[in-house]
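# Structure at a glance
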Amino acid sequence: MDIPGEMRLAAAVVVDKRGRVLLVRRSETERFLPRVWGVPCGKLEPDESAADGALRELKEETGLRGEIVRKVGESSFVSDYRGHEVKSWQENFLVRPLSLDVTLPKPDQAYAWLRPAELTSVAIDDYNLDVVRQALTSF
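Residues numbered from 1 in each chain as written. Predicted model: local features only at pLDDT ≥ 70, side-chain atom pairs only at ≥ 80, totals over all residues. Heavy atoms only, no water.

### Quick notes on the packing of aromatic side chains
A complete count under the given rule lists 1 aromatic pair for this structure. Centroid distance Phe77 to Tyr127: 5.1 Å. Interplanar angle 80°. Geometry classified as edge-to-face. Placement of the pair is Phe77 in strand 5 (residues 66–81) and Tyr127 in helix 2 (residues 126–137), with a sequence separation of 50 residues. (Phe/Tyr/Trp six-rings, centres within 6.5 Å; stacked < 30°, edge-to-face > 60°. Helix = DSSP H or I, 4+ residues; strand = E, 2+ residues; numbered from the N terminus.)

### Notes on the sheet that holds strand 1 (residues 6–14)
One open sheet holds the 4 strands; their spatial order is 4-1-6-5, and the pairing between them is mixed. Whereas interior strands pair on both sides, the edge strands pair on one side only; in this sheet they are strand 4 (41–43) and strand 5. Adjacent strand axes in the sheet meet at a mean angle of 20°, parallel and antiparallel pairs treated alike. Where strand 5 lies against strand 6 (residues 84–97), 14 bridges are found, and the strand directions are antiparallel. Residue Ser75 lies in a different strand from strand 6, and its bridge partner there is Gln90. Contacts from helix 1 (residues 50–62) reach strand 1, strand 4, strand 5 and strand 6, with the element oriented near 65° to strand 1. (Pairing = 2+ DSSP bridges. Axes fitted to C-alpha atoms, helices over the stretch in contact; angles between N-to-C directions. Contact = heavy atoms within 4.5 Å.)

### Here we look at the pattern of salt bridges
If charged atoms from side chains of opposite charge come close, those side chains can pair. Scanning the model with the defined rule gives 10 salt bridges in all. For Arg56, the salt bridge is made with Glu57, and the minimal N-O distance between the two is 3.0 Å. Residue Arg56 shares its accessibility class with Glu57, and that shared class is buried. Close ionic contact of Glu74 with Lys71 constitutes a salt bridge, the shortest N to O distance being 2.6 Å. We classify Glu74 as exposed; its relative accessible area is 54%. (Salt bridge = Lys/Arg side-chain N within 4 Å of Asp/Glu carboxyl O. Buried < 20%, exposed > 50% of the residue type's maximum accessible area, 1.4 Å probe, protein only.)

By themselves, these are just geometric observations and shouldn't be taken as functional.
Here is the structure:
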């Protein structure tokens, strides 16, 4: 298996008409940040645009369809993968949901629609919180 040197990611910060943000709790079986609350996010496919990837990840992780409102920023982080440093570059998008019926892929996951003042009422990490704040600042 190839060890990536860099990864491209996209995140969907979903905000409904009432100004609530969708957060999803990752499964305890996830290798990266199990049980952490965050926004739908994932790796881009080769030659996939970041906007298309954000919408694909949203659909895969929540069952929701959405539309990109705008790109709200970029983030990056370094992680360890089997003893090798991996740099991840993420583009973050504000997304308007076209539906509100969330369907999660694993039974131990959860989701919540939270007002901005309620975001820290769940175990959201600083990285995801910063991504959400990027989107809310441009909202």
